[in-house]
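Single-letter residue listing:
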Amino acid sequence: TANGPSETLAAEAVEENIQWAASVVKVDDIPDTDAKLFGTAGGDPAINGLYTYLAVFQSPADGWAVYKLGDFNEYTVLSTGPNRVDLEISQSSWNQQTDSADTQVRKVIVQWTPGEDGGAPASVTVTPAG
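Residues numbered from 1 in each chain as written. Predicted model: local features only at pLDDT ≥ 70, side-chain atom pairs only at ≥ 80, totals over all residues. Heavy atoms only, no water.

(A) Geometry of the nonpolar core. In this structure, Leu 37, Leu 54, Leu 87, Val 110 and Trp 112 are the most contacted members of the largest nonpolar core, which totals 18 residues. Secondary-structure elements contributing two or more residues to this core are strand 2 (35–41), strand 3 (50–59), strand 4 (63–72), strand 6 (84–95) and strand 7 (100–112). Ranked by residues supplied to this core, first place goes to strand 4 with four residues. Apart from residues no more than four positions distant in its own chain, Leu 54 is found in contact with Ile 30, Ala 35, Lys 36, Leu 37, Ala 65, Val 66, Tyr 67, Leu 69, Val 110, Trp 112 and Val 124. (Core = buried A, V, L, I, M, F, W, Y, C linked by side-chain atoms within 4.5 Å. Buried < 20%, exposed > 50% of the residue type's maximum accessible area, 1.4 Å probe, protein only. Helix = DSSP H or I, 4+ residues; strand = E, 2+ residues; numbered from the N terminus. Contact = heavy atoms within 4.5 Å.)

Set out below in structure tokens:
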């Protein structure tokens, strides 16, 4: 039940950063770190299409360092630790012989070492897991 006057809002001016932000469809903060996972919609959602990234906050002046982990159907956070996140990833590929998508589910460990003075890591590693 409404309880007061309505407020009319106009669409935001078309701005690249706002348009890009609107493409974000999934965000997972990684506890006890200055990092998060996020996924943007793109490509063919029937076969992958969740562009998945790790973002590590550097500073207000420098913003986020962003590392592309891959193009997946979906990811699930299994566990987290200091500068680490364990993921289950669903990823498809097109099988020309059967004319259908083959989907594989696998687990990976994503790890990083913060840079000097807590800055962005020089790199991030993605290791297969069992």
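Following the structure, the description resumes.
(B) Here's a closer look at the sheet that holds strand 7. An order of 5-6-7-8 is seen for the four strands of this open sheet, with the pairing classed as antiparallel. Two strands lie at the open edges of the sheet, namely strand 5 (74–81) and strand 8 (124–129), each paired on one side alone. Across the sheet, the mean angle from the axis of one strand to that of its neighbour is 35°, orientation sign disregarded. (Pairing = 2+ DSSP bridges. Axes fitted to C-alpha atoms, helices over the stretch in contact; angles between N-to-C directions.)

Distances and angles like these do not, on their own, reveal function.
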